[in-house]
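Residues per chain are reported as follows:
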Amino acid sequence: MAAEDLPSEFDVVILGTGLAESVVAAAFSRVGQRVLHVDRRSYYAANWASFTFNSLLTWIQEHHEESQPEEAQDWSSLLEDGEELIYLSPDPASISNVQAFCFTSEEDEEEEKASSPDPPNTTEEKTGGANEDIVKETSETESADSKEEETKEKPEERADGAEEEQASKTEGEEPEADQPTASAAQSQSEPAKKKISYAQLVKEGRRFNIDLVSKLLYSRGSLVDLLIKSNVSRYAEFKNVTRILTYRHGNVEQVPCSRADVFASRQLSVVEKRKLMRFLTSCVEETEEQRAYNGRPYLEFLCDQQLGDNLQHFLLHSIAMVTEDTPTEEGLSSTRHFLRCLGRYGNTPFLFPVYGLGEIPQCFCRMCAVFGGIYCLRHSVSCLVVDKTTNRCKAVVDSQGQRISCSHFVVEEGSVGTDRKTVTTPPRFLSRAVLITDGSILPSDSDQQVSMVTVPPIAAGCPAVKMVELCSSTMTCMPGTYLVHLTCQSVGSAYEDLSPVVTKLFRTPESHDQENCPSVLWCLYFNMTDSSGLEVEGHNLPSNVFVCSGPDGSLGHEHAIKQAELIFQKILPEEDFCPPAPNPEDIIYDGDNNSSSAGGEENGGAGEEENDGAGEEEEEKKEVLEENDGEEEKKEVEEEEQSLQTEE
């Protein structure tokens, strides 16, 4: 909706379209509240967003440029007696240390000399200049074909993997004159595989959906339960995470987590398989022996269970996904949650949304809009109008100077200055890396694997890293490439924390003896604020203003969903949180009811009497029709009996 057309009164005004804010908007709109949902950005989902490759280059460029703070306009003329203004000041520190690198050639292979290819570009990528020109050129040429490409890319069947593999060979490589068939000499053609250039990545940029935050959906987690309960799941598609991997002793190994994986594993002996199954069975329910280890490290508990190094590594890093000094009660709780989620949708506990995680906030925004919520991007709230006596927000003033009355205001963390936020713990940051590679970290028979990889600390003082590798069937990267997300708690900058892991697992100019590893074509490093310590209320803000935090460092979405539910219950404690939405065919619109009762309303009481009489006549007609139907059925039965007698 255009900004000048906005109504002047709402029940709830929400600033920011992150996951928590979008869930809150959908919940309020679903129970009949008037919701205005605005965002100062030009895209949905805030720090939960997914970008095409070209849009991500623009995002990088915006963060490289020094943004000048906007001068706050004086809106005191809109105040009434007993009111004051509280200006919102955006916090620019949510994203920092943005660095991009390109390790592949700039131009297409066909434009280069086969005898002397150019060395890869290892300098830090600046998104201005030539790169900006490439983005402009490709955006003009591919706008007409973008819809056709997207329709072709939709994953209707898993068998499309073979077609995508062939497409990657035709699009990402130049065909040779006497090229052998893939089935006959696939191993011979792999060494001669042509490297995907940067120009190809830009040209196929719309095939990428790159998430700013890397998370997975636990199959029995709070987000999946909410998607099912609210019927929002019909707006999205999901894929199973097909395998869980771990990095150990310099190699990437598959983790046996389900019963079938345990007995099929070649990495474990028969004794280890029995010990693992016995331990996993004992973890389902809490026992006195487990309570005795409360407060003690989880690794100590695993050692006392007489489990070998292999099993301790799998259980600690890949199943519980905790550190060595994590308390036993927390480690066992994570293990139980992992086991509960197994087998619901596949052989791993995780799901991933097709087209990226940025689809999830948009799904809840769509539900909010269906039930009457109003959306306005590139629009913000400049200040709050506060009643001095009650310390409650009476209205907001938007960026256009319009005063909008509201009963409650929900704001994203990034729009509240540090002077007004109360954080219970010191500020923490996440280190993020996004890689585009030319192969899987652990090749297998299928090239459409979605993998969750755990990397323990590679040295003392280094953080543990969670890595998610996505294939082209998730619609997050072009065929022939893989999209890899790395996340850890920040110790230094993102490049300092994650580049050693990238160098060990992938082939880069800094790598040594990594000939069998996939090559990194392009990578991005940045730091993001970890908002797990932010509370919903208790800040230097009015009592009816609630703050939603951004992404946290956990693998799941429990923090954001719990926060959204808490805000909803504080405002509407008597209402159900996100009740099931009806199917479109079950919705009865007001126009249908009005048209059927229009005659009665015009005629008043006489019309009502006539309607009653008409209803009685209709009932009599139904009774007569039923009687006639019964007589016709009797006649038919008699005629059939007579025909049978004549035949006899």
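Worth saying up front: this structure is predicted, and the values here are computed from it rather than measured.

1. What to know about helix α13 (residues 309-319)
Then comes step 1: Most of α13 is tucked away: 10 of the 11 residues are buried.
Then comes step 2: All buried positions along α13 are accounted for by Asn310, Leu311, Gln312, His313, Phe314, Leu315, Leu316, His317, Ser318 and Ile319.
Then comes step 3: On its buried side, α13 packs onto β9 (243-248), β10 (251-254), α10 (270-282), α12 (298-304), α14 (328-341) and β17 (451-455).

2. As for the sheet that holds strand β7 (residues 217-218)
Then comes step 1: Reading across from one edge, β7-β11-β8 is the order of the 3 strands in this open sheet, with antiparallel pairing throughout. At either end of the open sheet lies a strand with only one pairing partner, and these are β7 and β8 (238-240).
Then comes step 2: Note: β7 against strand β11 (residues 350-353), 2 bridges, orientation antiparallel. Directly across from Tyr218, in β11, lies its bridge partner Phe350.

3. Looking at unusual backbone geometry
Then comes step 1: Even without a glycine there, the phi angle at Asn97 is positive, about 55°.
Then comes step 2: Mapping Asn97 onto the fold places it in strand β5 (residues 95-102).
Then comes step 3: Here Asn97 falls in the partly exposed class, since its relative accessible area comes to 43%.
Then comes step 4: A positive phi angle, near 55°, is found at His249, a position not held by glycine.

4. Details of the pattern of salt bridges
Then comes step 1: Per the counting criterion, the structure on display carries 16 salt bridges.
Then comes step 2: A salt bridge links Asp225 to Arg344, with the shortest nitrogen-to-oxygen separation between them at 3.5 Å. With Asp225 in helix α8 (residues 222-230) and Arg344 in the loop between α14 and β11, this pair connects stretches of sequence that are 119 residues apart.
Then comes step 3: Overall, the relative accessible area of 29% leaves Arg344 in the partly exposed class.
Then comes step 4: Measuring nitrogen to oxygen at the nearest pair gives 3.5 Å for the salt bridge that ties Asp530 to Arg428. Here Arg428 lies in strand β16 (residues 428-437) and Asp530 lies in strand β20 (residues 520-530), a separation of 102 residues in the sequence.
Then comes step 5: Looking at Arg428, the relative accessible area reads 41%, which means it is partly exposed.

5. Remarks on the packing of aromatic side chains
Then comes step 1: According to the stated counting rule, one finds 18 aromatic pairs in the structure shown.
Then comes step 2: With 5.6 Å between their ring centres and 70° between their planes, Trp59 and Phe526 make a pair best called edge-to-face. One end of the pair, Trp59, is in helix α2 (residues 53-64); the other, Phe526, is in strand β20, and 467 residues separate them in sequence. Across this residue pair, the class does not change: Trp59 and Phe526 are buried.
Then comes step 3: Ring plane angle 75° and centroid distance 6.3 Å describe the contact between Phe338 and Phe350, whose orientation is recorded as edge-to-face.

6. Focus on the nonpolar core
Then comes step 1: Residues Phe53, Phe350, Trp522 and Leu524 are the most contacted members of the largest nonpolar core, which totals 112 residues.
Then comes step 2: If one sorts the elements of this core by residue count, helix α1 (residues 19-30) sits on top with 8 residues.

7. Here we look at the side chain of His37
Then comes step 1: By secondary structure assignment, the location of His37 is in strand β2 (residues 35-39).
Then comes step 2: Reaching out from His37, the side chain makes a polar contact with the side chain of Tyr375 at a distance of 3.1 Å.
Then comes step 3: The residues contacting His37, other than those within four sequence positions of it, are Ile14, Gly16, Thr17, Glu21, Ser22, Ala25, Cys365, Ile374, Tyr375 and Cys376.

8. Observations concerning the side chain of Ser380
Then comes step 1: Along the polypeptide, Ser380 turns up in the loop between β12 (374-377) and β13 (381-387).
Then comes step 2: Judged by relative accessible area, which is 16%, Ser380 ranks as buried.
Then comes step 3: Apart from the residues lying within four places of it in its own chain, the contact partners of Ser380 are Leu15, Arg40, Asp398 and Ser399.

9. Observations regarding the pairing of strand β15 (residues 403-412)
Then comes step 1: Counted residue by residue, β15 has 8 buried out of 10 residues, so it is predominantly covered.
Then comes step 2: Pairing analysis gives 6 bridges linking strand β1 (residues 9-15) to β15, with the strands arranged parallel. Paired with Leu15 across the strands is Val411, a residue of β15.
Then comes step 3: Inspection of the sheet shows strand β14 (residues 392-398) paired to β15 by 3 bridges, in the antiparallel sense. Bridged to Val397 within β15 is Arg403.

10. Quick look at the confidence of the model for the protein chain
Then comes step 1: In this model, the protein chain carries an average pLDDT of 80, and 75% of its residues clear a pLDDT of 70 or more.
Then comes step 2: The low-confidence segment residues 115-123, where pLDDT is below 50, has 15 contacts with residues more than four positions distant or belonging to other chains.
Then comes step 3: Segment residues 644-648: pLDDT under 50, and 0 contacts once partners within four positions in sequence are set aside and those in other chains are kept.

11. Considering the packing of α1 against helix α15 (residues 359-370)
Then comes step 1: Between α1 and α15, whose axes approach to 8 Å, the crossing angle comes to 20°. Taken as axis vectors, α1 and α15 run roughly parallel relative to one another. As for the relative orientation of α1 and α15, their crossing is left-handed in sense. Here Leu19, Ser22, Val23, Ala25, Ala26, Ser29 and Arg30 of α1 lie close against α15, whose contacting residues are Ile360, Pro361, Phe364, Cys365, Met367 and Cys368.
Then comes step 2: In terms of residue class, the contact of α1 with α15 is built from 10 nonpolar, 2 polar and 1 charged.

Calculation criteria
- Residues numbered from 1 in each chain as written.
- Predicted model: local features only at pLDDT ≥ 70, side-chain atom pairs only at ≥ 80, totals over all residues.
- Heavy atoms only, no water.
- Buried < 20%, exposed > 50% of the residue type's maximum accessible area, 1.4 Å probe, protein only.
- Helix = DSSP H or I, 4+ residues; strand = E, 2+ residues; numbered from the N terminus.
- Contact = heavy atoms within 4.5 Å.
- Pairing = 2+ DSSP bridges.
- Salt bridge = Lys/Arg side-chain N within 4 Å of Asp/Glu carboxyl O.
- Phe/Tyr/Trp six-rings, centres within 6.5 Å; stacked < 30°, edge-to-face > 60°.
- Core = buried A, V, L, I, M, F, W, Y, C linked by side-chain atoms within 4.5 Å.
- Polar contact = N/O pair within 3.5 Å; in protein donor to acceptor, adjacent residues only side chain to side chain.
- pLDDT = per-residue confidence, 0-100.
- Axes fitted to C-alpha atoms, helices over the stretch in contact; angles between N-to-C directions.
- Parallel < 35°, antiparallel > 145°, perpendicular 65-115°, else oblique.
- Left-handed = near helix turned anticlockwise from the far one by under 90°.
- Nonpolar A, V, L, I, M, F, W, Y, C, P; charged D, E, K, R; others polar.

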